[in-house]
Amino acid sequence: ASPISAVQAGVVASTSIVPQPPRICIQARRAPSIVPDVLANPDWQPTNSAAPVLPPFTAQPGIQVEIANLTTPLDFLELFFTEDLYALIVDQSISYAQQFIATNPNSNLARPFAWKPITVSEFKVFLGLTLNMGITKKNELWLYWSTDPIRHMLVFSAAMARHRYKSI
C-alpha cells in the first residue's frame, strides 16, 4: 500500500516519507521591456519611429550652486526648501483646511471651532519631526510623545507644545 492510502486508512505508514502536495508553477507576467530596443540602438540615435526627436542638451551639467559655504545638512536642505516654498505649502494648507471646514462643517475631522491656521515656523517644526520619525522608528505614534524615561524623546515634547493642539 502507498503511504497515502495507509494514512487515509488510519494505519501508520511504515515509511518516513510524507507526501507533499503537487507544486503549482505560476509564472509571473512581466510588463513589456524596452531594453531590447535600447540595446539595439546604443548610441541613442533617432529611430524611424514616429516618436519626436528631442533637442540636444545644451546646459552646463553639474552643481550650479556655490557649495563652499554650505557646511551643515540644514544648509543643503535650504537649497531645495526655500522660504518661498515653505510659505506656499503653509498657504495651500490653510486654504485646504478652510475649504474642508466650509464643505464639511459637521465632520469630526473639521473641528471648525478648534482649528487655527499654522505658521511657517510651526510647519518647519512639523517637517523636522516627521523626518525624525523616519529615522527613529517607534511601534506606535503616541510613543514619540511618551514621558516614560525609557521611551522619552525630548525633541518631540519640546518642539510641540500640547496646549497648541488642544480643542477648545
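As a reminder, the structure under discussion sits directly above these lines.
First things first, this report covers the structure right here in the doc. (Residues numbered from 1 in each chain as written. Predicted model: local features only at pLDDT ≥ 70, side-chain atom pairs only at ≥ 80, totals over all residues. Heavy atoms only, no water.)

### Some remarks on the overall build of the protein chain
In step 1: When its secondary structure is counted, the protein chain shows six helices and zero strands.
In step 2: By the burial criterion, 13% of the 168 residues in the protein chain qualify as buried.
In step 3: Pairs at least 24 residues apart make up 38% of the contacts formed inside the protein chain by residues separated by at least 6 positions.
In step 4: Taken as a whole, the protein chain presents about 14,900 Å² of accessible surface, with 63% of it coming from carbon and sulfur. (Helix = DSSP H or I, 4+ residues; strand = E, 2+ residues; numbered from the N terminus. Buried < 20%, exposed > 50% of the residue type's maximum accessible area, 1.4 Å probe, protein only. Contact = heavy atoms within 4.5 Å. Areas by Shrake-Rupley, 256 points an atom, 1.4 Å probe, with all protein chains shown as cover.)

### Quick notes on the environment of Glu122
In step 1: Here Glu122 is to be found in helix 5 (residues 120–135).
In step 2: Here the alpha-carbon distance between Glu122 and Val90, two residues 32 residues apart in the chain, equals 9.3 Å.

### Comments concerning the packing of aromatic side chains
The description of an aromatic ring pair uses the distance of the two centres, along with the angle that the planes make with each other.
In step 1: What the rule picks out here adds up to four aromatic pairs.
In step 2: Taking the centre distance of 6.3 Å and the plane angle of 35° together, the rings of Phe123 and Phe126 count as tilted. Remark: Phe126 and Phe123 occur in helix 5; sequence separation between them is three residues, near one turn of the helix.
In step 3: For Phe123, a relative accessible area of 10% gives the class buried.
In step 4: Pairwise contacts between aromatic rings join Phe81, Tyr86, Phe123 and Phe126 into one cluster. (Phe/Tyr/Trp six-rings, centres within 6.5 Å; stacked < 30°, edge-to-face > 60°.)

### Notes on helix 5
In step 1: Between the first and last C-alpha of helix 5 there are 23 Å, a value that for 16 residues agrees with the 22 Å anticipated at 1.5 Å per step.
In step 2: Those residues of helix 5 lying buried are Phe123, Leu127, Leu129, Asn132 and Met133. (Expected span 1.5 Å × (residues − 1).)

### Some words on the pattern of salt bridges
In step 1: Summed over the entire model, instances satisfying the criterion amount to one salt bridge.
In step 2: With a closest N to O distance of 2.6 Å, Lys124 and Glu83 form a salt bridge. One end of the pair, Lys124, is in helix 5; the other, Glu83, is in helix 4 (residues 83–103), and 41 residues separate them in sequence.
In step 3: Take Lys124: its relative accessible area is 33%, and that puts it in the partly exposed class.
In step 4: We classify Glu83 as partly exposed; its relative accessible area is 47%. (Salt bridge = Lys/Arg side-chain N within 4 Å of Asp/Glu carboxyl O.)

### Considerations on the packing of helix 4 against helix 5
In step 1: Contact geometry of helix 4 with helix 5 gives a least axis separation of 9 Å together with a crossing angle of 95°. Judged on the interaxial angle alone, helix 5 and helix 4 are roughly perpendicular. Residues Glu83, Tyr86, Ala87, Ile89 and Val90 of helix 4 pack against Val120, Phe123, Lys124 and Leu127 of helix 5.
In step 2: Tallied by class, residues from the contact of helix 4 with helix 5 come to seven nonpolar, no polar and two charged. (Axes fitted to C-alpha atoms, helices over the stretch in contact; angles between N-to-C directions. Parallel < 35°, antiparallel > 145°, perpendicular 65-115°, else oblique. Nonpolar A, V, L, I, M, F, W, Y, C, P; charged D, E, K, R; others polar.)

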